Amino acid sequence: MTQWTVHGTRRIYESEWMSVDLDDVEIPEGERFEHHVLRLPFASTAVVVVRDEHVLLMWRHRFTTDVWGWEIPAGRLEAGETAETAAVRETEEETGYRVGVEPLVTINPLNGLSSHTTHVFIGTNAVKVGEHDPAEAARVEWVPLNEIPAMIRKGLVPCGITLAALSTYLTLKASP
């Protein structure tokens, strides 16, 4: 049996975006210790927008890692919002494209340290309705799907959610 026992939680930081807790945990062999847990009050969404064997990607810089890379549109659900509604809203806000969405996969991107959940969708029927948000991306481009594996190997897709979403999409697309 590998399930840990949680004896309690002590909150050490809280904001509207997240909380950091120290959970009093015990592993099956009997060792007991405090484990840091990042809890986010809202799930997030991400969208693999596809059209004519291309995927819509945003080239952006992340200050937290000081790295540039390609990402899919993503963001958190607002209070009372469904994952589908948030996926459509975030895609339009970040890229200027309105899409329909279909579920792809739900992931826990950092499940050893965080309770966070991301609902990943496939975006279809993309229609340009505005400009991309320059605070979100330096540029937005339609990239051929067959170039994605090489971009991943070159380290041009450093975002874990984007990497998981694109890899899942390509794997399922190739499956009979």
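Heads up: the structure comes first, above all this text.
Chemist: So what's going on with a nonpolar patch on the surface? Residues and values would help.
Modeler: A surface patch of nonpolar side chains, about 410 Å² in accessible area, is lined by Ile12, Tyr13, Trp17 and Met18. Counting through the fold element by element, Ile12 comes out in strand S1 (residues 5–14). Of the residues examined, Ile12 reaches a relative accessible area of 43% and is grouped as partly exposed.

Chemist: Any details on the side chain of Ser19? Residues and values, ideally.
Modeler: Among the structural elements, Ser19 can be located in strand S2 (residues 19–26). Judged by relative accessible area, which is 6%, Ser19 ranks as buried. Of note is the side chain of Ser19, whose polar atom sits 3.3 Å from the side chain of Arg11. Residues contacting Ser19, with those up to four places away along its chain left out, are Arg11, Tyr13, Glu14, Val37, Leu38 and Arg39.

Chemist: Break down the side chain of Thr162 for me, with residues and values.
Modeler: Tracing the chain through its elements places Thr162 in helix H3 (residues 160–174). Setting aside its immediate chain neighbours within four residues, Thr162 contacts Trp70, Glu71, Ile72 and Val157.

Chemist: Any chance you could break down the nonpolar core for me, citing the residues and the numbers?
Modeler: In terms of nonpolar packing, the biggest core is built from 21 residues, with Val48, Val55, Leu57, Ile148 and Leu166 touching the most fellow members. Listing elements by their share of this core, those giving two or more residues are strand S4 (44–51), strand S5 (54–62), strand S8 (97–107), strand S9 (118–128), helix H2 (148–153) and H3. At 4 residues, H3 tops the list of elements feeding residues into this core. Ignoring any residue separated from it by four or fewer positions in sequence, one finds Leu166 in contact with Val48, Val55, Leu57, Ile72, Ile148 and Val157. Formed by 11 residues, the second largest nonpolar core is a distinct cluster that contains Val47, Leu77, Ala86 and Ala126.

Chemist: Could you give an account of unusual backbone geometry, with specific residues and numbers?
Modeler: Positive phi outside glycine occurs at Glu53, with the angle close to 60 degrees. The residue Glu53 is located in the loop between S4 and S5 in this model. Here Asp66, not a glycine, exhibits a phi torsion of approximately 55 degrees, which is positive. Locating Asp66 in the fold gives a position in the loop between S5 and strand S6 (67–71).

Chemist: Please give an account of the sheet that holds strand S3 (residues 32–39) that cites residues and values.
Modeler: Taken in spatial order, the 3 strands make up an open sheet running S1-S2-S3, and their pairing is antiparallel. The open sheet has two free edges, formed respectively by S1 and S3, since each of these has just one partner strand. This sheet shows a mean twist of 25 degrees between the axes of neighbouring strands, independent of strand direction. Bridging between S1 and S2 involves 8 bridges; their strand directions are antiparallel. Bridge assignment links Glu14 to a residue of S2, and that residue is Ser19.

Chemist: Kindly report on the layout of surface pockets, identifying the contributing residues and their values.
Modeler: To find leftover empty space, one rolls a probe the size of a water molecule over the atoms. Looking at the largest pocket, its volume works out to about 1100 Å³. In terms of lining, the largest pocket is formed by 37 residues, of which the most central are Leu40, Arg62, His116, Cys159 and Ile161. Elements with a minimum of two residues in the lining of the largest pocket: S4, S5, S6, strand S7 (74–76), helix H1 (83–95) and H3. By residue number, the principal contributor to the lining of the largest pocket is S6, which donates 4 residues. Looking at the lining of the largest pocket residue by residue, the class counts come to 16 nonpolar, 12 polar and 9 charged.

How each quantity is defined
Residues numbered from 1 in each chain as written. Predicted model: local features only at pLDDT ≥ 70, side-chain atom pairs only at ≥ 80, totals over all residues. Heavy atoms only, no water. Patch = residues over 30% accessible without salt bridge, like charges linked within 9 Å, V, L, I, M, F, W, Y side chains within 5 Å. Areas by Shrake-Rupley, 256 points an atom, 1.4 Å probe, with all protein chains shown as cover. Salt bridge = Lys/Arg side-chain N within 4 Å of Asp/Glu carboxyl O. Helix = DSSP H or I, 4+ residues; strand = E, 2+ residues; numbered from the N terminus. Buried < 20%, exposed > 50% of the residue type's maximum accessible area, 1.4 Å probe, protein only. Polar contact = N/O pair within 3.5 Å; in protein donor to acceptor, adjacent residues only side chain to side chain. Contact = heavy atoms within 4.5 Å. Core = buried A, V, L, I, M, F, W, Y, C linked by side-chain atoms within 4.5 Å. Pairing = 2+ DSSP bridges. Axes fitted to C-alpha atoms, helices over the stretch in contact; angles between N-to-C directions. 1 Å grid on protein atoms, 1.4 Å probe; cavity = no way out; pocket = protein on both sides within 12 Å on 5 of 7 lines; lining within 4 Å. Points joined across faces, edges and corners; volume = space filled by probe spheres on them. Nonpolar A, V, L, I, M, F, W, Y, C, P; charged D, E, K, R; others polar.

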